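# Close look at the chain arrangement
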Amino acid sequence: MQKFDAIRPFYDAEVNEAILSALNHPMMKALMNFAYPNIEDEIWKEQLKRTHSIRDFQINFAYKAVKKVLERSSEGLTTSGFELLEPNTSYLFISNHRDIILDTSLLNVCLHDHRLVMTASAIGDNLVKKDFLKTLSKLNRNFVVQRGLPPRELLESSKLMSEYIAQLLLRENRSVWIAQREGRTKDGNDATHTGVLKMLGMGSDEKNVMDYFKKIKIVPVSISYEYDPTDALKMPQLMAEANDEIYKKEKNEDFITLLSGIIGQKKRIHIHVGKVLNEEIDTIVAENDNSNKQIQALAQVIDNSILQSYKLWPTNYIAYDLLHKTEKYKNKYTEDEKSLFERRYELKIDTTNEQMVESFLAMYANPVVNKSKYENAI
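Described below are features of the structure shown in this document. Not measured: the values here are computed from a predicted model.

## Some details on the packing of aromatic side chains
This structure, assessed with the given rule, holds 14 aromatic pairs. Ring plane angle 50° and centroid distance 5.1 Å describe the contact between phenylalanine 4 and tyrosine 164, whose orientation is recorded as tilted. Of this pair, phenylalanine 4 sits in the segment before α1 (12-22) while tyrosine 164 sits in helix α7 (residues 151-171); the two residues are 160 residues apart in sequence, bridging distant segments of the chain. You can call tyrosine 164 buried: its relative accessible area is 6%. Measuring from centroid to centroid gives 5.9 Å for phenylalanine 341 and tyrosine 345, while their planes differ by 65°, and the two rings are edge-to-face.

As C-alpha cells, then:
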C-alpha cells in the first residue's frame, strides 16, 4: 500500500472503474437528473462511461451540477480577488466554513471560471461513511480528514495529512482547500484554530515553519451566504452547547445537512479570495521569535483577512437589530427584507423558545459584530 492511499482521491487510472461501480446507484441517478433534468439516463450514462480523469468528471459533470444548484437555489454568485491570483500556480486556500459541500464546490467553479488551478479539498471521514459518497468525494478530488482518533493516532494522521498537502502544493502544483477550523461554523463566529496551522506545519522540511508557510502561498477565503440553508438544522447543537450538554448527532444528520445545503435557498452568495500572505508573514517573523506566538499571530492575520472581506447581507443587519432591539442598521435593509427574514425563522424554529430565537439571530448577527470589532481595531 502506498503512503497516502488511505486518504487520497482517485488517481486518474482509477476513475473509470470507480464511475462504473457507481453508475447505477440511485443517488447517481438523482444527482444526474437534478443536473440534467431533460436528458435521458442513457445519454449521461454513456458520457460517464467515457470519463477517465478527475478533471473530465469535474468539468463535464460536477461543474454543471453546481451551476444548476446555483440556478435553482440562489440568486447568484459574485466574486472578488480572483483576478490577483496567477494561473498555473498552486495556493493553500484557508477558508471560513459554512456549508459541507458548497464552500469548496463554489470555490472550484470560480477557480475554473478564472482559469486557475482547482483544489484538492479536505473532507471529514464522518461525511464519507457511505460507499457512494466516498466514491463521489474521491472523484471530486477530496482527501479524507480522519476524525475522533485517540491522541497518538491523531498525531500520526495529522502528520500524514500535512505531508500529503505539502506534496500536492509543492510537487504536484495542485491547490488545496482547508477549513480554518474542524467542522462548520454554527454560530457565525469565524475563527482560525491554531491546531489547523500546526497540523499544516508538520509537512514542512524548513528549519522555520514560517518559511514553509510563505512557500505554500496561503490565501484566506471569505464565503458568505445571504441565507444559510442549514440554519435551522444547526439549532439542536447550539441549544445543547448553550445548556452545557454534550451534543450527539442523529444517525443521518450529516447526510441531511449535506443535502439541505445543496438544495436549500441561499439567495445571494459572495466569495472573496484575499492576497497571498507574504509581507504579513515577514512582519510576524520580525515581531515574534517564539514559534507558538508566530502561529497565533498568523491565525489572527487570517481571521482579519476573512472578516475584512466578509460580505454582510441585509439578513445580517436585520438579525443584529432584532437581537439587540435596535434600529442601528435600518438603512441597510428594507421593510420587505425584514418581514421576509422574520417569516423565515418563524416557520423554521420554535419562536416560544427565547434561547432558540436568540441563537438563530446571533448566527446571522455575529458576522456584523465581528466585522465592526475588526474595523474598530484598525
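## What to know about unusual backbone geometry
One non-glycine residue with positive phi stands out, namely asparagine 88, at about 55°. Along the chain, asparagine 88 falls in the loop between β1 (74-80) and β2 (92-95). Judged by relative accessible area, which is 65%, asparagine 88 ranks as exposed. A positive phi angle is found at asparagine 173, which is not glycine, with a value near 55°. Within the secondary structure, asparagine 173 sits in the loop between α7 and β5 (175-179). Given a relative accessible area of 36%, asparagine 173 falls into the partly exposed group.

## A short note on the pattern of salt bridges
Tallying each qualifying case throughout the model produces 17 salt bridges. Here aspartate 190 and arginine 98 are joined by a salt bridge, their closest N and O atoms 2.6 Å apart. Of this pair, aspartate 190 sits in the loop between β5 and α8 (194-201) while arginine 98 sits in the loop between β2 and α5 (102-113), and the two are 92 residues apart along the sequence. We classify arginine 98 as buried; its relative accessible area is 9%.

## Remarks on α8
Buried within α8 are the following residues: Val196, Leu197, Met199, Leu200 and Gly201. For α8, the elements touching its buried residues are β2, α7, β5, α9 (209-215) and α13 (291-308).

## A closer look at the sheet that holds β1
The mixed open sheet is built from 7 strands, whose spatial order is β1-β7-β6-β2-β5-β3-β4. Because the sheet does not close on itself, it has two edges, and the strands there are β1 and β4 (142-145). For this sheet, the mean angle separating the axes of adjacent strands, direction not counted, is 25°. Bridge count for β2 against strand β6 (residues 218-225) is 4 bridges, and the pairing is parallel. The residue of β6 that forms the bridge with isoleucine 94 is proline 220.

## Some thoughts on the packing of helix α4 (residues 54-73) against α5
Two measures define how a pair of helices packs: the angle their axes make with one another and the distance between the axes. Taken N-terminus to C-terminus, the directions of α4 and α5 make an angle of 110°; their axes are 10 Å apart at the nearest point. With respect to α5, the axis of α4 lies roughly perpendicular. Of the two possible hands of crossing, α4 and α5 adopt the one that is left-handed. Only Leu102, Ser105, Leu106, Val109, His112 and Asp113 of α5 make contact with α4, whose side of the interface consists of Arg55, Ile59, Tyr63, Val66, Lys67, Val69 and Leu70. In the contact of α4 with α5, the residues fall into 8 nonpolar, 2 polar and 3 charged.

Cut-offs used in this document
- Along each chain, residue indices are assigned from 1 in the same order as the chain's sequence is written.
- Where totals are concerned, whole chains, interfaces and linings use all residues; where local detail is concerned, this predicted model gives features only for residues with pLDDT of at least 70, and gives and counts side-chain atom pairs only at 80 or more.
- Only hydrogens and water are set aside when side-chain values are computed; all heavy atoms of the structure are taken into account.
- A pair of Phe, Tyr and Trp rings is counted when the ring centres sit within 6.5 Å of each other, with Trp represented by its six-membered ring. The angle between the planes then sorts it: under 30 degrees is stacked, over 60 is edge-to-face, the rest tilted.
- Put simply, DSSP marks the helices as runs of H or I at least four residues long and the strands as runs of E at least two long, and each gets a number from the N terminus on.
- For every residue, the accessible area (1.4 Å probe, protein chains only) is compared with the maximum for its type, and the residue is labelled buried under 20%, exposed over 50%, or partly exposed between those bounds.
- Any carboxyl oxygen of Asp or Glu within 4 Å of a side-chain nitrogen of Lys or Arg constitutes a salt bridge here.
- Residues are treated as being in contact if the distance between any of their heavy atoms lies within 4.5 Å.
- The rule for pairing is simple: two strands pair if DSSP sees at least two bridges between them.
- Angles here are taken between N-to-C directions and fall from 0 to 180 degrees, while the axes themselves are lines fitted to C-alpha atoms, restricted in helices to the stretch in contact.
- Our angle categories are set so that under 35 degrees counts as roughly parallel, over 145 as roughly antiparallel, 65 to 115 as roughly perpendicular, and the remainder as oblique.
- Left-handed describes a crossing whose near helix is turned anticlockwise from the far helix through less than a right angle; right-handed describes the clockwise counterpart.
- Throughout this entry, Asp, Glu, Lys and Arg are counted as charged residues, while Ala, Val, Leu, Ile, Met, Phe, Trp, Tyr, Cys and Pro are counted as nonpolar. The remaining residues, Gly among them, count as polar.

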